[in-house]
Amino acid sequence: MNTQIKIAIYWLLLGLCFLTHTLFHMYGLFYGVDVRIPGVTENEVPVLDQVFNTVIFTVTFLLSLLSLNLSGRGFQWFSLIWSALFLLLNLVHLGSALFVEAFDLSQACLLSFVIAVNVLLTLTLWKSLKKDIRQRKGSGR
């Protein structure tokens, strides 16, 4: 499979997993579970949470789209760094879900899948970047 398409699919999968993660959180509503964030007394979503969610969701889907159309070195580095930061975020979040929050099997499984996809994405981006660097050196650029 073409590496560019593989990278775009990985980004798309991550975005879909983030949406699924949110749905899993809200699933407790069907069973009368209070899904509100503890300690939040406001009746509106804080601006920082809105910004965080917008960046997480929008940038992920944007990277999926851009990965189909861009292949420059700067874009490859940005994607790799963003993917590595996501991987770090997802590892911390899985640790929190397993050891800090109330255990939720669906979240634990989904977050494990997210990490697997994120690792594959990061490795694919790294290999692609290394290949591009070797090709540029081989062509005398």
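Once a new chain begins, its residue numbering starts again from 1 and follows that chain's sequence as written. Local features are withheld for residues below a pLDDT of 70 in this predicted model, meaning they are given only at 70 or higher, and side-chain atom pairs are given and counted only at 80 or more; totals for whole chains, interfaces and linings count all residues. Heavy atoms throughout the structure, all of them, feed into the side-chain values; hydrogens and water do not.

*Asks:* So what exactly am I meant to see when it comes to the environment of Leu 123 here?
*Replies:* Only runs of H or I of at least four residues qualify as helices and only runs of E of at least two qualify as strands under DSSP, and these elements are numbered from the N terminus. Of note, Leu 123 is situated in helix α4 (residues 105-138). Along the primary structure Leu 123 and Leu 80 are separated by 43 residues, whereas in three dimensions their C-alpha atoms are 8.7 Å apart.

*Asks:* What is the right way to look at the pattern of salt bridges in this model?
*Replies:* Close approach of charged atoms allows side chains of opposite charge to pair. A carboxyl oxygen of Asp or Glu within 4 Å of a side-chain nitrogen of Lys or Arg is what we treat as a salt bridge. Per the counting criterion, the structure on display carries two salt bridges. With its nearest N and O atoms 2.9 Å apart, the salt bridge here joins Asp 34 to Arg 36. A single burial state applies to Asp 34 and to Arg 36, both of which are exposed. Between Asp 132 and Arg 136 there is a salt bridge whose closest N-O contact spans 2.9 Å. Linking Asp 132 with Arg 136, this pair stays in helix α4, spanning four residues, or about one helical turn. Per-residue accessibility, obtained with a 1.4 Å probe over protein chains only, is compared with the maximum for each type, and a residue is labelled buried under 20%, exposed over 50%, and partly exposed between these values. Residue classification places Asp 132 among the buried residues on the basis of a relative accessible area of 14%.

*Asks:* Sorry if this is basic, but what is going on with the packing of helix α1 (residues 3-26) against helix α3 (residues 73-99) here?
*Replies:* Two numbers describe a pair of packed helices, the interaxial angle and the distance between the axes. Here, axes are lines fitted to C-alpha atoms. For helices the fit covers the stretch in contact, and angles between N-to-C directions go from 0 to 180 degrees. At a minimum axis separation of 13 Å, α1 and α3 run at an interaxial angle of 30 degrees. Considered as vectors, α1 and α3 are oriented roughly parallel to each other. Crossing hand, α1 versus α3: left-handed. Counted together, Trp 11, Phe 18 and His 21 of α1 and Ser 79, Trp 82, Ser 83, Phe 86, Asn 90 and His 93 of α3 form the full contact between these two elements. Throughout this entry, Asp, Glu, Lys and Arg are counted as charged residues, while Ala, Val, Leu, Ile, Met, Phe, Trp, Tyr, Cys and Pro are counted as nonpolar. The remaining residues, Gly among them, count as polar. Its residues assigned to classes, the contact of α1 with α3 shows four nonpolar, five polar and no charged. Should an angle fall under 35 degrees it is taken as roughly parallel, and over 145 as roughly antiparallel, whereas 65 to 115 is taken as roughly perpendicular and any remaining angle as oblique. Helix crossings get a hand from a simple test, with the near helix turned counterclockwise from the far one by less than a right angle marking a left-handed crossing and a clockwise turn marking a right-handed one. Contacts were defined at the residue level, with two residues in contact if any of their heavy atoms lie within 4.5 Å.

*Asks:* Would you explain the layout of surface pockets in this entry?
*Replies:* One water molecule sets the probe size; rolling that probe over the atoms shows where empty space is left. Its volume calculated, the largest pocket comes out at about 1,400 Å³. Lining the largest pocket are 38 residues; nearest its centre among them are His 21, Thr 22, His 25, Val 35 and Ile 37. Among the secondary structure elements, those contributing two or more residues to the lining of the largest pocket are α1, α2 (47-69), α3 and α4. When residues in the lining of the largest pocket are grouped by element, the largest group, seven residues, is from α1. Looking at side-chain class alone, the lining of the largest pocket contains 22 nonpolar, nine polar and seven charged residues. Only protein atoms enter the 1 Å grid, on which a cavity is a set of points fitting a 1.4 Å probe that cannot get out and a pocket is an open set with protein on both sides within 12 Å along at least 5 of 7 lines, lining residues being those with an atom within 4 Å of a point. Grid points are joined across faces, edges and corners, and a volume is the space filled by probe spheres set on the points. Volume-wise, the second largest pocket comes out at about 400 Å³. Lining the second largest pocket are 18 residues, with Thr 3, Gln 4, Ile 7, Gln 76 and Ser 128 sitting closest to its centre. Sort the elements by how many residues they give to the lining of the second largest pocket and α4 lands first, with nine residues. Of the residues that constitute the lining of the second largest pocket, the class distribution is six nonpolar, eight polar and four charged.

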